[in-house]
Structure formats: structure tokens, C-alpha cells
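A closer look at the structure
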Amino acid sequence: MALIRRLKSLRRKRWLAVLGILGPGLISALAGDDAGGIGTYATAGAAYGYNLLFALLIVTVALAYVQDMSSRMGVVTGKGLSDLIREEFGVRTTAVAMLALLAANAAVTVSEFVGIAAAAELFGVSRFAAVPAAALGVWWLSVRGGYNRAERVFLILTLAFGAYIISALVVHPDWGAVARGALAPTFQSDPRYILMLVALIGTTISPYMQFSLQSIIVEKGVRMDAYTPQRIETLAGVLLSDLIAFFIIVATAATLHANGVTDIQSADQAAMALEPAAGPLAKSLFALGLLGASLLAASVLPLTSAYAICEAFGWERGLRKGADEAPIFYGIFTTTIVLGAALALMPGVPLFTLLVLSQDVNGILLPVILILMLRLANNHRLMGAHVNGRLGNTIGYGSVAALIVLTALLIVGSVIGIGG
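Note that this is a predicted model, so its numbers are computed, not measured. In this convention, every chain numbers its residues from 1, walking through the sequence in written order. A pLDDT threshold of at least 70 governs which residues receive local features in this predicted model, and a stricter bar of 80 or more applies before side-chain atom pairs are shown or counted, although totals over entire chains, interfaces and linings include all residues. Side-chain descriptors were evaluated using all non-hydrogen atoms of the structure, hydrogens and water having been removed beforehand.

1. Some remarks on the overall build of the protein
- Here a strand is any run of E in DSSP of at least two residues, a helix any run of H or I of at least four, and the numbering for each starts at the N terminus. Along the protein, the regular secondary structure elements total 18 helices and zero strands.
- Expressed as a percentage of its 420 residues, the buried residues of the protein come to 53%.
- For this analysis, residues touch if any pair of their heavy atoms sits within 4.5 Å. The contacts in the protein between residues at least 6 apart in sequence include a share of 82% that link residues at least 24 apart.
- For the protein, the exposed surface amounts to about 18400 Å²; the carbon and sulfur share of it is 67%. Exposure categories follow from relative accessible area, calculated using a 1.4 Å probe and restricted to protein chains: below 20% of the type maximum is buried, above 50% is exposed, and the middle band is partly exposed. In this description, accessible areas are obtained by the Shrake-Rupley approach with a 1.4 Å probe, and a residue is regarded as covered only by the protein chains that are shown.

Listed below in C-alpha cells is the structure:
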């Protein structure tokens, strides 16, 4: 009996160890499917049906390589991305990179509070009550150390978006059309279409993901001999995140686009895609998922900004330190939350449209971060035998080139449109 109890105890400990390893990866993956991501994927499906699935598949491959590159740099060098940028490129380049990160994160943080506002209004709660309460709650949970428990609650709420998978299957979409959308590239010169492409890339490969992932790798102290399990976890997170994105596009294409709803202007319309699976509960289910995703990312993004910027310039950082020990860290963290909440409450703000536009900011600024990452990952002095391979460089620089070309086309198309 004693042996059986011991075996059971060991089995429980093993399961707890597995859950401890998988937790950060799962949370990181679903944090990517935040309010801006949900808004972007839903809008893509409603506006263009299955046509943007090909772009999502390409971006998924790019994200897998970018995340793998980030985690590999963390394992090999034992340093965060901000540290490496400062050491290798100097203060001026670091300032540009940190400005790009801060701008991107600030835009997405606004979108998270917009998501909170939209979710609250679906429950009949005024955004002017919900957003300040959420901002205060996010700040308090992070500073007072209750964040880890709250993080798991937020994560559970995001699982409501699994209803999109059920909805996509229940409505029996034309799987032939889905396959054509995923495998046959299409392109339109319309600025709105290009804007959606940039947003799709920006929301899938968010700059904050690379900084936060590499910092976690370094903090965990992962060594090269333990890199394979970490790599599997990283890639599994990418696949999970983009699988949900895939079904959001399929569900909205099969329900909204197929019924002539091609321009989503509200959370109510986005929730309509869940009706085949959830019926009258669709609105509440969508609101729960949107609230959880928004709260989770609204917690992660300000912290990522504060950690990355303080790491880059050698300032004291960390929630374990007091505000008097790390004033700049707490200042960046608090200011990002306050500004995000305040901008989300501006009168006349088109809430759902702003979710997509915030991801465009991500996409436009992303090349700055990717170019620096690629140069670091190809540095033999830093990476030794673990520098990027030819395929990784092709995908990385190809992603940068695609974003630059799309941004240029977007600017030219907008100027021609204004001139016309």
C-alpha cells in the first residue's frame, strides 16, 4: 500500500510538473488571440470570406520561425532581446527599437481596453464604469502579486473562443471553398484589402511576443540540452493560436460573409458568428471570451513594455522591487495602462474598427524589430553554430520585405484615393 501511495504521489508530481511547463506556453499562445486579434480575424472572414486564409497559413509559418529564433537566442545567449539590441547596436538603435515597441504595445493596449469596453456593453454595463475598473484591477493584480492566479482565470475565459471551432463545424462550410482560400493565393489592390493584410500580419506576429518569450526563456534558465522540449512547446503554442484564428475566419466567412454582413462595426455583429453553436447565448459567450482575452493581454503588454525598455537601458525593473527602487519601471507600466484606458474612453471612438487599426500599427512597426532580430540571429560571435539557416533567413527577410511592400502600397493607394 505504501508503495502504491508513493507511486501515486510521484505521478501527481509529474503531472504538476508538466502543467507547470505547459502553463506559460498556453497562456502566451492564447494571449496572442487578444481583442485586436479576434476583431481582425472576424473582420477578415466577414469582409473577404475565405480569401485571406492563404495569408494566415503563410503568416503561421513565419510566426513559427520568428518565435523559434527568439527562443533560440534566449537559450544560446542567456540574454533578453532588449539586452542584445543594446549591446550589439548601441544606444541610438536601441532607442529606435524601443520606440517602435512602445508605440506598437501602446496601440494594442488601447485595443485591449476597447475590447473590455465592447464586452462590457454586451453585458449592458457602461464602458465608463467597466474600463476604469478593469484598469485599476489589472494594475492592482500585477503590483500586489495576485497576477498568476488571475492569469489563469483570464485564460479560462478565453477558452470561450473555442465556440468558433464548433460554430465553423456546425454550419457546414463549403470545405472546397475553404481549401481554395487556404491554398490559392489571391490579392486585391484595394487599400482596404491591403490594410487588412497588414493587420493580419501585425496581430499574428506581434512585436511584444518576441520580447516576452525571450525574457521568459532567460528567466527560466533553459539550457541547450533542454531546448528541444522548449522548442516543441513554442511551436505547439503557435499552432494552437493560429488554429483558433483559422476557425474564427471560417466561422465568420460561413455565417456573416455568406449572409451579406461584410462590414463588422460592433461586437454584436462579431458575436453573430457564434449563433449556430451557442444560439441565444452567443452574445454572452463572445463577451466572456473577449473580456478574458482583453484582460489577459492588458496585463501582459504594459509589463512587456516596462521590462523591455528598462532592460534595454539598464534601469532597475521587476514587480519584486518597490516603486522607490524601480521608479521608471513602474512609471512605464502605470502610464501605459492609464493611457490605454483613457484613449479607449474617448467619445465617438468606433470600438470595433479600432481593434483592427491597432494591429495595423503592429504590422507597420514590426519590420524594425524583425530586422534587428535577424541580424542578431545571424551573428556567429553570439550564436556560434546556432545561427539561422538559409530557410529561416528566407522566411524572416521575406516577411520583412512583404510588410514593407504592403505598407508602401497602402500609402500609395491612400494618396491616390485622396488625390482622386
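2. Considerations on helix α14 (residues 282-313)
- Between the first and last C-alpha of α14 there are 47 Å, a value that for 32 residues agrees with the 46 Å anticipated at 1.5 Å per step.
- Counting buried residues in α14 gives 25 out of 32 residues, a clear majority hidden from the surface.
- Residue G314 follows α14 closely and has a positive phi angle near 75°. Expected span of a helix, by definition, is 1.5 Å for each gap between consecutive residues, and there is one gap fewer than residues.

3. Focus: the environment of D360
- Within the fold, D360 resides in helix α16 (residues 351-377).
- D360 sits in the buried class, given a relative accessible area of 4%.
- Beyond its immediate sequence surroundings of up to four residues, D360 is in contact with L195, V198 and A199.

4. Digging into the pattern of salt bridges
- Each salt bridge in this description consists of a side-chain nitrogen of Lys or Arg and a carboxyl oxygen of Asp or Glu lying within 4 Å of one another. All chains considered together, the criterion is met by seven salt bridges.
- One salt bridge in this structure joins E88 and R381, with 2.5 Å as the shortest N-O distance. On the criterion of sequence distance, the pair formed by E88 in helix α4 (residues 81-122) and R381 in helix α17 (residues 380-383) is long-range, its members being 293 residues apart.
- Given a relative accessible area of 22%, E88 falls into the partly exposed group.
- Residues R127 and E121 are paired through a salt bridge, measuring 3.1 Å at the closest nitrogen-oxygen approach.
- Relative accessible area serves as the criterion here: at 14%, R127 is assigned to the buried category.

5. Quick look at unusual backbone geometry
- For H172, which is not glycine, the phi dihedral falls at a positive 50°.
- Turning to its location among the elements, H172 is positioned in the loop between α7 (163-170) and α8 (175-183).
- For H172, a relative accessible area of 64% corresponds to the exposed category.

6. Looking at the packing of aromatic side chains
- In this analysis, rings of Phe, Tyr and Trp, with Trp reduced to its six-membered ring, are considered paired at centre separations within 6.5 Å, and the interplanar angle assigns stacked below 30 degrees, edge-to-face beyond 60, and tilted for intermediate values. Counted by the stated rule, this structure contains six aromatic pairs.
- Arranged with centres 5.8 Å apart and planes meeting at 90°, the rings of F187 and Y193 form a pair that is edge-to-face.
- Ring geometry for Y307 versus F329: centroids 4.9 Å apart, planes at 70°, classification edge-to-face. Residue Y307 is located in helix α14, and its partner F329 is located in helix α15 (residues 327-344); the two are separated by 22 residues in the primary sequence.
- The class of F329 is buried, set by a relative accessible area of 0%.

7. Some details on the packing of α14 against α15
- The convention used is that axes are lines fitted to C-alpha atoms, helices contributing only their stretch in contact, and that angles between N-to-C directions extend from 0 to 180 degrees. In the contact formed by α14 and α15, the axes pass within 8 Å of each other and the chain directions differ by 145°. Here α14 and α15 pass one another in a crossing that is right-handed. For the pair α14 and α15, the contacting residues are P302, L303, S305, A306, Y307, I309 and C310 in the first and I328, F329, I332, F333, T336 and I337 in the second. For a crossing to be left-handed, the near helix must be turned anticlockwise from the far one by less than a right angle; the clockwise case is right-handed.

8. Quick notes on the nonpolar core
- Only buried residues count toward a nonpolar core. Its members are Ala, Val, Leu, Ile, Met, Phe, Trp, Tyr and Cys residues joined through side-chain atoms within 4.5 Å. Ranked by size, the top nonpolar core spans 120 residues in total, and within it F113 and F286 carry the most contacts.
- Broken down by element, this core gets its largest block of residues, 16 residues, from α4.
- By size, the runner-up hydrophobic cluster in this structure holds five residues, among which are V75, L213, I217 and Y227.

9. Here we look at the environment of A55
- Relative to the helices and strands, A55 resides in helix α3 (residues 53-77).
- Classification of A55 as buried rests on a relative accessible area of 7%.
- When residues no more than four places from it in sequence are discounted, the contact partners of A55 are L197 and L200.

10. Some points on the environment of L200
- On the secondary structure map, L200 appears in helix α9 (residues 191-204).
- A residue is classified by how much of its surface remains accessible, and L200, at 1% relative accessible area, is buried.
- Between the C-alpha atoms of L200 and G36, which are 164 residues apart in sequence, the distance is 9.8 Å.
- Setting aside chain neighbours within four positions, we find L200 in contact with T40, Y41, L52, A55 and L56.

11. Section: a nonpolar patch on the surface
- Nonpolar side chains (Val, Leu, Ile, Met, Phe, Trp, Tyr) are joined into patches within 5 Å and like charges within 9 Å, using only residues with over 30% relative accessible area and no salt bridge. Residues V61, Y65 and L391 make up a contiguous nonpolar surface patch of about 260 Å² in total accessible area.
- Counting through the fold element by element, Y65 comes out in helix α3.
- Look at Y65 and you get partly exposed, because its relative accessible area is 32%.

12. Section: the confidence of the model for the protein
- Of the residues in the protein, 85% reach a pLDDT of 70 or more, and the chain-wide mean stands at 81.
- No element of the protein has a lower mean pLDDT than helix α1 (residues 2-32), which averages 49, and none a higher one than α8, which averages 93.
- The model gives residues 1-23 a pLDDT under 50, and that stretch makes two contacts with residues more than four places away or in other chains. The predictor rates its confidence in each residue with pLDDT, a number between 0 and 100.

13. Description of the packing of helix α2 (residues 35-48) against helix α11 (residues 227-255)
- The interhelical angle for the contact between α2 and α11, taken along N-to-C directions, is 40°, at an axis separation of 7 Å. One finds that α2 runs oblique with respect to α11. Judged by the sense of rotation from one axis to the other, the crossing of α2 with α11 is right-handed. Facing α2, whose interface residues are I38, Y41, A42, G45 and A46, α11 presents A245, I248, I249, T252 and A253.
- Classes in brief: Ala, Val, Leu, Ile, Met, Phe, Trp, Tyr, Cys and Pro nonpolar; Asp, Glu, Lys and Arg charged; the others, Gly included, polar. Each residue belonging to the contact of α2 with α11 can be placed in one class, and the counts come to eight nonpolar, two polar and no charged. Each angle is binned into one of four classes, with values under 35 degrees roughly parallel, values over 145 roughly antiparallel, values of 65 to 115 roughly perpendicular, and all other values oblique.

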